[in-house]
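Breakdown of the fold
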Amino acid sequence: MAEVYLVYRVTPSKSEVNYEELKSTIKKSLEPKYKVDKVEEDDIGFGIKALRVYIRMPESSEEHSSDEVENILSGIEGIGSIELEYFTRLGF
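A brief structural summary. Here the structure is a predicted model, which is why all the values come from computation and not from measurement. (Residues numbered from 1 in each chain as written. Predicted model: local features only at pLDDT ≥ 70, side-chain atom pairs only at ≥ 80, totals over all residues. Heavy atoms only, no water.)

Note on pairing: side chains with opposite charge can pair once their charged atoms come close. Tallied over the entire structure, the rule returns eleven salt bridges. Salt-bridge contacts for Lys 23 lead to Glu 41; the nearest nitrogen and oxygen are separated by 3.3 Å. Here Lys 23 is found in helix 1 (residues 19–30), whereas its partner Glu 41 is found in strand 2 (residues 35–45), with 18 residues between them in sequence. As a salt-bridge pair, Arg 52 and Glu 85 come within 2.6 Å of each other at their nearest N and O atoms. Residue Arg 52 is found in strand 3 (residues 48–58), and its partner Glu 85 is found in strand 4 (residues 79–90); the two are separated by 33 residues along the sequence. A single salt-bridge network, built from bridges that share partners, covers Arg 9, Asp 42, Arg 52 and Glu 85. (Salt bridge = Lys/Arg side-chain N within 4 Å of Asp/Glu carboxyl O. Helix = DSSP H or I, 4+ residues; strand = E, 2+ residues; numbered from the N terminus.)

Here it is as C-alpha coordinates:
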(Lines give C-alpha, C1' and ligand atoms only; values in the text may rest on other atoms or scores of the structure.)
Protein backbone atom coordinates (compact mmCIF):
# COMPACT_ATOMS: atom_id res chain seq x y z
CA MET A 1 0.00 0.00 0.00
CA ALA A 2 1.30 3.43 -0.92
CA GLU A 3 1.73 6.24 1.56
CA VAL A 4 1.42 10.00 1.40
CA TYR A 5 4.25 12.15 2.72
CA LEU A 6 3.32 15.57 4.13
CA VAL A 7 5.62 18.39 5.19
CA TYR A 8 4.15 21.15 7.33
CA ARG A 9 5.69 24.43 8.45
CA VAL A 10 4.50 25.20 11.96
CA THR A 11 4.99 28.67 13.41
CA PRO A 12 4.68 29.23 17.17
CA SER A 13 2.15 31.76 18.43
CA LYS A 14 4.76 33.62 20.51
CA SER A 15 8.47 34.31 20.16
CA GLU A 16 9.48 32.79 23.49
CA VAL A 17 8.68 29.11 23.25
CA ASN A 18 10.31 25.89 24.40
CA TYR A 19 10.91 24.26 21.01
CA GLU A 20 11.82 20.85 22.44
CA GLU A 21 8.57 20.75 24.40
CA LEU A 22 6.56 21.86 21.35
CA LYS A 23 8.21 19.17 19.18
CA SER A 24 7.37 16.53 21.77
CA THR A 25 3.75 17.72 21.99
CA ILE A 26 3.38 17.58 18.21
CA LYS A 27 4.69 14.01 18.07
CA LYS A 28 2.48 12.87 20.96
CA SER A 29 -0.60 14.46 19.39
CA LEU A 30 -0.14 12.82 15.98
CA GLU A 31 1.23 9.38 16.84
CA PRO A 32 0.42 6.50 16.65
CA LYS A 33 -2.27 7.29 14.06
CA TYR A 34 0.18 9.26 11.91
CA LYS A 35 3.89 8.50 11.57
CA VAL A 36 6.04 11.53 12.40
CA ASP A 37 9.42 10.94 10.74
CA LYS A 38 11.04 14.06 12.16
CA VAL A 39 10.45 17.55 13.43
CA GLU A 40 13.24 20.03 12.71
CA GLU A 41 13.81 23.66 13.56
CA ASP A 42 14.03 26.25 10.79
CA ASP A 43 15.51 29.67 11.62
CA ILE A 44 13.30 32.55 10.51
CA GLY A 45 15.41 35.35 11.98
CA PHE A 46 15.98 37.36 15.14
CA GLY A 47 15.95 34.19 17.23
CA ILE A 48 12.53 33.14 15.96
CA LYS A 49 12.14 29.65 14.55
CA ALA A 50 9.51 27.65 12.74
CA LEU A 51 9.23 23.88 12.86
CA ARG A 52 9.09 21.55 9.87
CA VAL A 53 7.03 18.45 10.59
CA TYR A 54 7.48 15.41 8.30
CA ILE A 55 4.49 13.05 8.41
CA ARG A 56 3.59 9.78 6.65
CA MET A 57 0.10 8.33 6.37
CA PRO A 58 -1.63 5.62 4.30
CA GLU A 59 -2.81 6.83 0.91
CA SER A 60 -6.18 5.11 0.71
CA SER A 61 -7.76 5.25 4.11
CA GLU A 62 -10.93 6.90 5.30
CA GLU A 63 -9.41 7.09 8.79
CA HIS A 64 -6.49 9.32 7.74
CA SER A 65 -6.59 12.75 6.10
CA SER A 66 -4.51 15.88 5.79
CA ASP A 67 -7.50 17.84 7.09
CA GLU A 68 -7.38 15.84 10.31
CA VAL A 69 -3.62 16.44 10.61
CA GLU A 70 -4.20 20.18 10.24
CA ASN A 71 -6.98 20.11 12.84
CA ILE A 72 -4.75 18.27 15.30
CA LEU A 73 -1.85 20.69 14.73
CA SER A 74 -4.00 23.80 14.98
CA GLY A 75 -5.47 22.52 18.25
CA ILE A 76 -2.09 22.37 19.97
CA GLU A 77 -1.48 25.21 22.41
CA GLY A 78 1.45 27.37 21.35
CA ILE A 79 1.00 26.92 17.59
CA GLY A 80 0.17 30.12 15.75
CA SER A 81 -0.03 28.94 12.14
CA ILE A 82 0.46 25.87 10.00
CA GLU A 83 1.17 25.62 6.31
CA LEU A 84 1.36 22.55 4.09
CA GLU A 85 4.62 23.09 2.21
CA TYR A 86 4.95 19.81 0.35
CA PHE A 87 3.22 16.51 -0.23
CA THR A 88 3.92 13.51 -2.41
CA ARG A 89 2.96 9.91 -2.88
CA LEU A 90 5.44 7.27 -1.73
CA GLY A 91 5.40 3.84 -3.37
CA PHE A 92 3.93 2.46 -6.55
